[in-house]
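Here's the letter readout for the chains.
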Amino acid sequence: MSSFWSSESSRTFVVAEIGQNHQGSLSTAKQMIKAAKECGADCVKFQRSNLAEKFTVSALARPYTGPNSWGRTYGEHKAWLEFSSGEYRELQRFATDHNIVFTASAMDAASFRELEEQLRVPFIKIGSGDADNVPLLRYAANRTIPLIISTGMLDWDQVCSIYTHFRHRKDVALLHCVSSYPTPPGDIMLRMIPLLRAHFPELTIGYSGHELGIQHSVASVALGAKIVERHFTLDKAWKGTDHQASLNPAEFGRMVRCIRAIENDVPIDASALIDRLREVLQGEDLDEPELLAALKEIDPHHRQLLECERPCYNKLGKSLVYASDLNCGTVLTESNVQVKVSEPKGLSPRLYDSVVGTTVKCAVFKDDPILMQHF
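Residues numbered from 1 in each chain as written. Predicted model: local features only at pLDDT ≥ 70, side-chain atom pairs only at ≥ 80, totals over all residues. Heavy atoms only, no water.

## Some thoughts on empty space enclosed by the protein
Threshold: Cavities and pockets were defined on a 1 Å grid built from protein atoms only: a cavity is a group of points that admits a 1.4 Å probe but offers it no way out, a pocket is an open group of points flanked by protein on both sides within 12 Å along at least five of seven lines, and a lining residue is one with an atom within 4 Å of any such point. Grid points are joined across faces, edges and corners, and a volume is the space filled by probe spheres set on the points. The numbering of helices and of strands both runs from the N terminus, where a helix is a DSSP run of H or I of at least 4 residues and a strand a run of E of at least 2. When residues are sorted by character, Ala, Val, Leu, Ile, Met, Phe, Trp, Tyr, Cys and Pro go into the nonpolar class, Asp, Glu, Lys and Arg into the charged class, and all the rest, Gly among them, into the polar class.
Throughout the structure, instances matching the rule amount to one cavity of 30 Å³ or more. For the largest cavity, the calculated volume is near 40 Å³. Lining the largest cavity, in full, are His176, Cys177, Val178, Thr183, Ile188, Tyr207, Ser208, Gly209 and His210. With three residues, strand E7 (residues 204–209) is the largest single contributor of residues to the lining of the largest cavity. By residue class, the composition of the lining of the largest cavity is four nonpolar, five polar and no charged.

Here it is in structure tokens:
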């Protein structure tokens, strides 16, 4: 069982997702760690990527010249925002000095190994973009490091597939998540939290929110979430796509105070929940029509790739790609197949097992997306 969270714990584990909101600045990242601690967060989380392992060459070469860009290509943009291993160690020491847990999302298999074996973080997050990454999930399932896994952009069958990988583990948490920045209230589906708790009792269930405001994140705790993760920023006007759906220090601090006020309550039904939130939220933080929209009745089939998630999927959804140049007639082995963000997209990573063992009927090249017409 994880020392940070459990389904039986009365205390909610609150994660400030710094991600790449630090703008590529080590000093800004340190300011954010310090501010998150002052707001009452239990943990700060970054995002660790090995760019050559996460993206194909063509995806990195894509022109990226919009208002949020830090480089001429997407690869230059991502490289600007990536810290070195040495800088990560410096941030780890800074977090330790400020008595707050430090970790990161592993955005690819190489980063997972680095976080576990070299940086030795206490747990690793697998984000929604890798929640259907079959080889990464298999690898992670057989490690001993605790894990948090988000479920954005998935359908219910894929969520069940994650469960089959990790049901033997007592230190794995599954977060309800909608990958839309910001998430419209009608798509938040807060009742997914008790649904996940009922279907997957071995796992700890939490919530990763990308909506505006704090009320839905507080409500998730009343519905049984034991982990709450929210993106964190010092200034919502900063350059970058995540800042608008992030909480600033004032908002994050209010959220933590409200969570601590209700986390010992017994999970309650929707009507009682709104009454309870009226008691703990300040007026500016409560919008009852939006809360009701997020509390609509749902069943498992509502967990699917939503229209509001499609922009994120189109940008960061991963594909099966070739790990090397291969001759016509090659029978694919696991070493021939990788999972990357590809431009253009290839077959879904969930088809990994049906692709391994097939024979390519044409010559193919490293980083090319795997397509059905190749077989």
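## Considering the UniProt feature "domain: AFP-like" (unreviewed entry) in the protein
We count it as follows: UniProt positions are given in the numbering used here, feature names are shortened, and annotations may be inferred rather than shown by experiment.
The positions UniProt marks with the feature "domain: AFP-like" (unreviewed entry) are residues 319–375. In residues 319–375, helix accounts for 7% and strand for 14%; the two terminal C-alpha atoms are 16 Å from one another.

## Notes on the domain arrangement of the protein
The test is simple: What counts as a domain boundary in this text is fixed by an automatic or database domain assignment. We call two residues in contact when some of their heavy atoms are within 4.5 Å. Buried area counts how much accessible surface, traced with a 1.4 Å probe, disappears from two parts once they are put together, with both parts' losses summed. Here a salt bridge means any side-chain nitrogen of Lys or Arg lying within 4 Å of a carboxyl oxygen belonging to Asp or Glu. Distance and chemistry together define a polar contact, namely a pair of N or O atoms within 3.5 Å, with one atom able to donate a hydrogen and the other to accept it when in protein, and with adjacent residues in sequence counting only for side-chain atoms on both sides.
Partitioning the protein into domains gives domain 1 (13–302) and domain 2 (318–374). Across the contact, 20 residues belong to domain 1 and 14 residues belong to domain 2. The junction of domain 1 with domain 2 conceals about 1,400 Å² of combined surface from both sides, 47% of it contributed by carbon and sulfur atoms. The largest contributions to the domain 1 side of the interface with domain 2 come from Thr56, Asp132 and Arg138, which together make up 29% of the buried area. Between the two partners, domain 1 and domain 2, sit four salt bridges. Across the salt bridge formed by Asp130 and Lys318, the nearest N and O atoms sit 2.8 Å from each other. At the boundary of domain 1 with domain 2, the tally comes to eleven residue pairs in polar contact (both at pLDDT 80 or more). Each residue belonging to the side of domain 1 that touches domain 2 can be placed in one class, and the counts come to seven nonpolar, five polar and eight charged.

## Let's talk about the pattern of salt bridges
Note on pairing: side chains with opposite charge can pair once their charged atoms come close. Applicable threshold: Relative accessibility under 20% of the residue-type maximum defines a buried residue, over 50% an exposed one, and the middle range a partly exposed one, all with a 1.4 Å probe and only protein chains included.
Throughout the structure, instances matching the rule amount to 28 salt bridges. Put simply, Arg11 and Asp42 hold a salt bridge, and the shortest N to O gap is 2.8 Å. Of this pair, Arg11 sits in the segment before strand E1 (13–19) while Asp42 sits in the loop between helix H1 (26–39) and strand E2 (43–48), and the two are 31 residues apart along the sequence. On the basis of relative accessible area, Arg11 is assigned to the partly exposed category, the value being 43%.

## Considering the pairing of strand E5 (residues 147–150)
If a strand is regular, its side chains alternate between the two faces of the sheet. To be explicit about the condition: By the criterion used throughout, a crossover qualifies as right-handed when its path from the first strand across the helix to the second strand runs clockwise, the strands pointing away from the viewer. Strand pairing is assigned whenever DSSP detects at least two bridges linking the two strands.
Neither face of E5 is left uncovered, since the one carrying Leu147 and Ile149 and the one carrying Ile148 and Ser150 both have all their residues buried. The parallel pair strand E4 (residues 124–126) and E5, bridged by helix H7 (residues 134–141), forms a crossover whose chirality is right-handed. Bridge analysis of E5 against strand E6 (residues 172–177) gives four bridges, and the strand direction is parallel. Paired with Ser150 across the two strands is Leu175, which belongs to E6.

## Some points on the layout of surface pockets
One number sums up the size of the largest pocket: a volume of about 830 Å³. The wall of the largest pocket is formed by 42 residues, among which Gln47, Tyr181, Asp242, Cys312 and Leu316 lie closest to the centre. Residue assignment for the lining of the largest pocket shows that the elements contributing at least two residues are E2, helix H4 (74–81), strand E8 (227–231) and helix H14 (310–316). When the residues that make up the lining of the largest pocket are grouped by side-chain class, the tally is twelve nonpolar, 19 polar and eleven charged. In this structure, the second largest pocket encloses a volume near 380 Å³. Forming the walls of the second largest pocket are 17 residues, and the residues nearest its centre are Ala109, Pro135, Leu136, Val337 and Gln338. Looking at the lining of the second largest pocket, the elements that each hand over two or more residues are helix H6 (109–118), H7 and strand E10 (337–340). Broken down by element, the residue count for the lining of the second largest pocket peaks at four residues, all from H7. The residue inventory of the lining of the second largest pocket, partitioned by class, reads seven nonpolar, three polar and seven charged.

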